[in-house]
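These are the residues of each chain, in order.
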Amino acid sequence: MAQDDTEARLRRAEAEIRALQRTVFPGGDGRFFEPSISPDNGPAPTRTTPQTTARPSTTAVTDILVRLDAMELQLQRLTAKSEENTNALSALETRLAALETAGAPEGLPEPSSTEVTGEATESNLEAMTGTGSGFETQDPPATEPETAATGPSPERVAGVQAITKPQTDDAGDDEYSYGFRLWNAGYFPEARQQLASFIEDYPNHSRLTYGRNLLGRAFLDDGLPEEAARWFLRNYQADRTARRAPDSLLFLAESMIAMEDTRRACIALAEFGETYPAVATGRLADRYESNLQKVSCDS
């Protein structure tokens, strides 16, 4: 009776494995189990055995062991196939996340936060700021450098007026977005005025790191690298984990290059590569490599 019960359990296990085999391997695999249904929906083909010499008879126990070995081998193949499918799905999800992250515009946050390695040394910051060097850590002035008292041309006034300010439920975001639109249109002085107002009126807004970084860019793109460097340094020091902290550190190096200060440019570039390796090889890789080619840094 025990042998009959074992035989019944084996038959059920084999039937279940054949069903699983047809699911994982469409078309069937006849090396271990014959398919229940043949491809032409007819009866299963009769397996012929070539004429061989007589083999020693096997006992019920050895027959069970052979069938168990075949079942274990099939289960191993099914498990391996399942792991391959899982790994392929994980790789696709990783590539999708990378595509969503790459190329995020200045006005939009990345979907994932930047990880900071924490290996940046304070000596690098001291070398970049340097007491008496003109780049101490106090807040930079938000006012425009003194220029000739000449008003804007009517064409410029009309161009600025043509840029509309967003009107949403988030007033702070509207102020920042308006500054971004002015900067994007090339109206750098107007963008600086707008962004400085946003920074002063919304010091705790989630866009603050974007506002300070963009204000620095509005100076740098207008040929004012010294004022730009102050804002980039301030934004980086305020929170090194913020979304635009790596951007500000890289643009700080770019400002130093524009000022022909190779030493501090190299320090900033080295700090950027060590602190934000993922960004240095990803979103900002092209700009990072471009700046490295502009200076000759000692290794």
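Right, let's walk through the structure included here. (Residues numbered from 1 in each chain as written. Predicted model: local features only at pLDDT ≥ 70, side-chain atom pairs only at ≥ 80, totals over all residues. Heavy atoms only, no water.)

### Quick word on the overall build of the protein chain
- If you tally the helices and strands in the protein chain, you get twelve helices and zero strands.
- Looking at the protein chain residue by residue over its 299 residues, the buried ones come to 36%.
- Of the contacts made within the protein chain by residues no fewer than 6 positions apart, 63% connect residues no fewer than 24 positions apart.
- Surface accessibility of the protein chain: about 18,400 Å² in total, with carbon and sulfur atoms responsible for 52%. (Helix = DSSP H or I, 4+ residues; strand = E, 2+ residues; numbered from the N terminus. Buried < 20%, exposed > 50% of the residue type's maximum accessible area, 1.4 Å probe, protein only. Contact = heavy atoms within 4.5 Å. Areas by Shrake-Rupley, 256 points an atom, 1.4 Å probe, with all protein chains shown as cover.)

### Overview of helix H12 (residues 285–294)
- Turning to H12, its buried residues are Ala285, Tyr288 and Asn291. Seen end-on, H12 carries its buried residues on one side only, within an arc spanning 135°. In H12, the exposed positions that point more than 90 degrees away from the buried face belong to Asp286, Gln293 and Lys294.
- Buried-residue contacts for H12 involve helix H9 (245–258), helix H10 (262–275) and helix H11 (277–280). (Arc of directions from axis to C-beta.)

### Some points on the nonpolar core
- Among the nonpolar cores identified, the biggest contains 47 residues, and Tyr176, Trp183, Leu215, Leu249, Leu252, Phe272 and Tyr276 are the most heavily contacted of them.
- Ranked by residue count, the leading element in this core is H9, at eight residues.
- Setting aside anything within four residues of it in sequence, one finds Phe272 in contact with Pro246, Leu249, Leu250, Pro277, Val279, Ala280, Leu284 and Tyr288. (Core = buried A, V, L, I, M, F, W, Y, C linked by side-chain atoms within 4.5 Å.)

### Focus on the packing of helix H5 (residues 171–184) against helix H6 (residues 188–201)
- Two numbers describe how H5 lies on H6: the axes approach to 8 Å, and their chain directions differ by 165°. With respect to H6, the element H5 is oriented roughly antiparallel. Note that H5 runs across H6; the crossing there is left-handed. Contacts from Gly172, Glu175, Tyr176, Tyr178, Gly179, Leu182 and Trp183 of H5 reach H6 at Phe188, Glu190, Ala191, Gln194, Leu195 and Phe198. (Axes fitted to C-alpha atoms, helices over the stretch in contact; angles between N-to-C directions. Parallel < 35°, antiparallel > 145°, perpendicular 65-115°, else oblique. Left-handed = near helix turned anticlockwise from the far one by under 90°.)

### A look at the pattern of salt bridges
- Counted by the stated rule, this structure contains nine salt bridges.
- Residues Asp247 and Arg283 are paired through a salt bridge, measuring 3.0 Å at the closest nitrogen-oxygen approach. A residue pair is termed long-range when its members are at least 10 positions apart, and Asp247 in helix H9 and Arg283 in the loop between H11 and H12 qualify at 36 residues.
- A salt bridge links Arg287 to Glu254; its shortest N-O distance comes to 2.9 Å. Here Glu254 lies in helix H9 and Arg287 lies in helix H12, a separation of 33 residues in the sequence.
- Classification of Arg287 by relative accessible area gives partly exposed; the value is 31%.
- Exposure remark for Glu254: the relative accessible area of 14% places this residue in the buried category.
- Connected via shared salt-bridge partners are Arg244, Asp247 and Arg283. (Salt bridge = Lys/Arg side-chain N within 4 Å of Asp/Glu carboxyl O.)

### Some points on the packing of aromatic side chains
- All told, the structure shown has eight aromatic pairs when counted by the stated rule.
- Taken together, a centroid distance of 5.9 Å and an interplanar angle of 55° make the contact between Tyr176 and Phe198 tilted. With a gap of 22 residues between them, Tyr176 in helix H5 and Phe198 in helix H6 connect regions that are remote in the sequence. Phe198 carries the same exposure label as Tyr176, and that label is buried.
- Taking the centre distance of 5.5 Å and the plane angle of 20° together, the rings of Phe232 and Phe251 count as stacked. Here Phe232, found in helix H8 (residues 225–238), pairs with Phe251, found in helix H9; they are 19 residues apart in sequence, far enough to count as distant.
- A relative accessible area of 0% means that Phe232 is categorised as buried.
- A residue is classified by how much of its surface remains accessible, and Phe251, at 4% relative accessible area, is buried.
- By the ring-pair criterion, three or more aromatic residues cluster together here, those being Tyr176, Phe198, Tyr202 and Tyr210.
- Over the ring of Tyr210 we find Arg207; its NZ or CZ atom is 5.2 Å from the centre of that ring. (Phe/Tyr/Trp six-rings, centres within 6.5 Å; stacked < 30°, edge-to-face > 60°. Lys NZ or Arg CZ within 6 Å of the ring centre and 35° of its normal.)

### Focus on the packing of H9 against H12
- H12 packs onto H9 with a crossing angle of 25° between their chain directions and a minimal axis gap of 11 Å. Comparing the axis directions of H9 and H12 gives the class roughly parallel. Relative to H12, the crossing made by H9 is left-handed. From H9, Leu250, Phe251, Glu254 and Ile257 reach across to H12, where they touch Arg287, Tyr288, Asn291 and Lys294.

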